[in-house]
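# Structural overview
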Amino acid sequence: MKATFIGAIAALGILAAGCEDMSSTQKRTLTGAGLGAGAGALIGGATGGSAIGGAALGGAAGAGGGYLYDRDKRGKDVF
């Protein structure tokens, strides 16, 4: 588990370095995906389920949430 955590932190550092040229929509969507994946993995692992499955579902939900948050902040209609 410790090696997985260190690997995840290293991957986040590499991803963060590539975010410089992204639009606000892309940044918020990616941030939502990252937070959702982390939360999903923690919840999935803590409840005895699959941490990988939880990360995948949480990442998808977080990406959608980040996109919707950006649209709301920019005052644009979502649909």
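Note: the structure precedes this text.
Attention here is on the structure that accompanies the text.

How each quantity is defined
- Residues numbered from 1 in each chain as written.
- Predicted model: local features only at pLDDT ≥ 70, side-chain atom pairs only at ≥ 80, totals over all residues.
- Heavy atoms only, no water.
- Helix = DSSP H or I, 4+ residues; strand = E, 2+ residues; numbered from the N terminus.
- Buried < 20%, exposed > 50% of the residue type's maximum accessible area, 1.4 Å probe, protein only.
- Polar contact = N/O pair within 3.5 Å; in protein donor to acceptor, adjacent residues only side chain to side chain.
- Contact = heavy atoms within 4.5 Å.
- Expected span 1.5 Å × (residues − 1).

Below, the discussion takes up the side chain of Thr25. Residue placement: Thr25 occurs in helix α2 (residues 24–46). A relative accessible area of 16% places Thr25 in the buried class. A distance of 3.5 Å separates the side chain of Thr25 from the side chain of Arg74, its partner in a polar contact. The contacts of Thr25, once residues within four sequence positions are left out, are Tyr67, Asp70 and Arg74.

With 23 residues, helix α3 (residues 51–73) extends 31 Å from end C-alpha to end C-alpha; this agrees with the ideal 33 Å at 1.5 Å per step. Among the residues of α3, Gly54, Gly58, Gly59, Gly62, Gly66, Asp70 and Arg71 are the ones counted as buried. Summarising the contacts, the buried residues of α3 are in contact with α2. Looking one or two residues beyond α3, the residue adopting positive phi is Gly75, at roughly 70 degrees.

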